[in-house]
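Letter by letter, the chains look like this.
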Amino acid sequence: MQQVMVFGATGSIGASTLDVIKRHPEQFRAHTLTANRSVDAMVQLCLEHEPEFAVMSDESAAEALRQGVDGRAPTTVLAGESAMIELAQSEAIDTVMAAIVGFAGLPATLAAAAAGKRLLLANKEALVGAGALFMRTVKESGALLLPVDSEHNAMFQCLPTDAKARPIMDRVEKILLTASGGPFRGRSRQSLQTVTPDEACAHPNWDMGRKISVDSATLVNKGLELAEACWLFDRKPEEIEVVVHPQSIVHSMIRYIDGSVLAQMGQPDMRTPIAYSLSWPNRIDAGVSPLDMVAVGRLDFEAPDLDAFPCLRLAYESIKVAGGMCVYSAANEIAVDAFLGERIRFTDIDRVIQATLESTTLLEPKDIATVIALDQSARQHAAEAVASMSSNGRT
Ligand code: NAD
Ligand code: MG
């Protein structure tokens with residue numbers, strides 16, 4: 001029985017994870033669930049999954065959860081990041097699903113890595129912000145790091161995992177990272193000036209949280225995924241090519257030097273990569289309907305439009321500089337928040353990232369204190385950029 005702790009249980013990945021776990025009660029148990037402040041959603045999850053512990057971000061949310069559960073589930077409710085970290089590192093937990101959104105998930109995710117757990121990584125911002133530190137922690141602790149992001153899970157499925165087959169890694173000619181293109185594929189930059197948060201969050205293929213939905217619309221998500229692939233598979237950015245594939249059926253591909261291209265395909269349903277990361281090297285039912293290729297009919301591929309979506313170009317540039325992606329990701333979080341709050345335009349997001357990259361002094365993010373300082377400094381510069389854009393009457 002795998003005892004699973006789900007960070008971000010009330011989110012989109014959290015819900016899909018709990019759905020897969022529930023299908024296999026003989027193999028997995030939702031031992032501990034965490035969330036920020038969504039008390040009502042967490043009450044329902046506690047009643048349904050009866051976890052041993054639930055952890056909320058602060059004491060007032062924890063108290064509201066205690067009252068909401070009111071003895072109807074055998075769950076002890078705790079509060080704060082230190083409680084999360086302590087539980088993630090406890091012997092009771094085998095597997096951690098890291099599905100908090102944003103850099104805020106770094107301390108807990110890193111703690112699970114340091115404790116040598118089976119770590120299912122959805123929280124890409126934690127890896128992107130602290131890449132070297134994160135990968136070093138995994139290596140030193142012997143944690144088993146399994147990518148949940150659908151593209152990286154696809155790459156993982158198409159790459160050798162057996163240590164004896166590792167030399168084949170040298171025979172990878174290129175990783176082809178697929179992108180749906182988001183809701184605004186084919187649009188000009190000019191026409192994107194007036195798009196609304198709801199339009200940006202209406203993804204054609206995937207149902208996701210609002211932050212990652214905006215990231216998909218700007219292609220920041222692909223920029224973060226580029227960095228994620230570099231860290232996970234020890235690649236340089238020029239060894240990874242972004243290919244727009246609007247149907248989201250091919251989740252990524254590996255091109256080998258002999259001309260073979262291996263692809264992993266499936267429905268755009270996160271339960272597939274989640275089930276694979278839970279069960280690897282086995283496979284389990286994920287509740288996903290079989291892929292009907294005749295119904296799919298055709299698979300299209302095109303190059304990304306870097307003029308309409310400059311955030312992807314910015315990622316290729318930032319990734320080459322130590323600390324660049326930490327700043328990029330932090331600035332993006334501030335910009336997305338401002339866009340969702342209707343304080344800046346959609347087309348200001350890349351301007352905030354660019355301005356922050358120019359104004360922040362980059363540091364090599366080698367330890368947690370430096371990573372947090374760099375993130376903080378980037379957030380401050382990004383907030384100044386947002387303030388200057390909104391006070392210019394641009395919104
Ligand atoms: P979401 O917004 O739906 O859920 C986020 C979860 O994190 C919620 O449970 C929330 O309570 C919790 N949370 C938010 N801020 C927190 C904080 N400061 N401290 C503690 N908990 C906090 O997000 P999501 O779409 O499920 O995405 C989660 C992560 O997975 C993101 O990093 C995203 O990039 C990644 N991801 C998501 C998808 C997807 O299909 N949704 C696919 C690939 C990767
Ligand atoms: Mg993805």
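Scope of this entry: the structure provided in the associated data block. (Residues numbered from 1 in each chain as written. Chains lettered and ligands numbered in written order. Predicted model: local features only at pLDDT ≥ 70, side-chain atom pairs only at ≥ 80, totals over all residues. Heavy atoms only, no water.)

## Quick look at the sheet that holds strand E7 (residues 144-147)
Inference 1: Reading across the sheet, the seven strands line up as E4-E3-E2-E1-E5-E6-E7 and stay open at both edges, with parallel pairing between neighbours. Two strands in the sheet have a free side with no partner beyond their single neighbour: strand E4 (76-79) and E7. Averaged over all adjacent pairs, the angle separating strand axes in this sheet is 20°, with direction ignored.
Inference 2: One ladder, built from four bridges, connects strand E3 (residues 53-56) with E4; its direction is parallel. Bridge pairing in E4 links Ala54 to Val77.
Inference 3: Sheet strands touched by helix H5 (residues 106-114): strand E1 (2-7), strand E5 (95-98) and strand E6 (118-121). Its angle to E6, the strand with the most contacts, is close to 145°. (Pairing = 2+ DSSP bridges. Helix = DSSP H or I, 4+ residues; strand = E, 2+ residues; numbered from the N terminus. Axes fitted to C-alpha atoms, helices over the stretch in contact; angles between N-to-C directions. Contact = heavy atoms within 4.5 Å.)

## Focus on the sheet that holds strand E10 (residues 250-256)
Inference 1: Strand order in the open sheet formed by four strands is E9-E8-E10-E11, and the pairing between neighbours is mixed. Whereas interior strands pair on both sides, the edge strands pair on one side only; in this sheet they are strand E9 (240-244) and strand E11 (261-265). Adjacent strand axes in the sheet meet at a mean angle of 20° when their direction is disregarded.
Inference 2: Bridge analysis of strand E8 (residues 172-179) against E10 gives four bridges, and the strand direction is antiparallel. Across the sheet, the residue bridging to Val172 is Tyr256, located in E10.
Inference 3: The sheet strands contacting helix H8 (residues 150-158) are E8, E10 and E11, and the helix crosses E10 at an angle near 40°.
Inference 4: Contacts between helix H11 (residues 220-233) and the sheet are confined to E8 and E9, with E8 contributing the most and set at about 150° to the helix.

## Some details on the site of ligand 1
Inference 1: Taken together, 22 residues lie around ligand 1, and Thr10, Ser12, Ile13, Asn36 and Glu125 are the ones closest in.
Inference 2: At 2.9 Å, a backbone N or O of Ser12 approaches an oxygen atom of ligand 1.
Inference 3: Within the backbone of Asn36, a nitrogen or oxygen atom sits 2.9 Å from an oxygen atom of ligand 1.
Inference 4: A total of 830 Å² of accessible area belongs to ligand 1 in isolation, and the protein chains cover 85% of it.
Inference 5: Looking at the shell around ligand 1, the elements that each hand over two or more residues are helix H1 (12-22) and helix H6 (124-129). (Near = heavy atom within 4 Å. Polar contact = N/O pair within 3.5 Å; in protein donor to acceptor, adjacent residues only side chain to side chain. Areas by Shrake-Rupley, 256 points an atom, 1.4 Å probe, with all protein chains shown as cover.)

## Quick look at the coordination of the magnesium ion (ligand 2)
Inference 1: Looking at the metal site, the magnesium ion (ligand 2) is ligated by Asp149 (OD), Glu151 (OE) and Glu225 (OE), spaced 2.1 to 2.2 Å from it.
Inference 2: Each donor residue of the magnesium ion (ligand 2) belongs to the same chain, and together they define the spacing D-x1-E-x73-E.
Inference 3: A relative accessible area of 8% places Asp149 in the buried class. (Donors = N, O, S within 2.8 Å, 3.2 Å for Na, K, Ca; no water. Buried < 20%, exposed > 50% of the residue type's maximum accessible area, 1.4 Å probe, protein only.)

## Comments concerning helix H15 (residues 324-340)
Inference 1: Its 17 residues give H15 an end-to-end C-alpha distance of 24 Å, which sits within 8% of 24 Å, the value for a rise of 1.5 Å per residue.
Inference 2: Burial analysis of H15 places 14 of its 17 residues in the buried class, the great majority of the element.
Inference 3: Trailing H15 by a residue or two, Glu342 shows a phi angle of about 60°, which is positive. (Expected span 1.5 Å × (residues − 1).)

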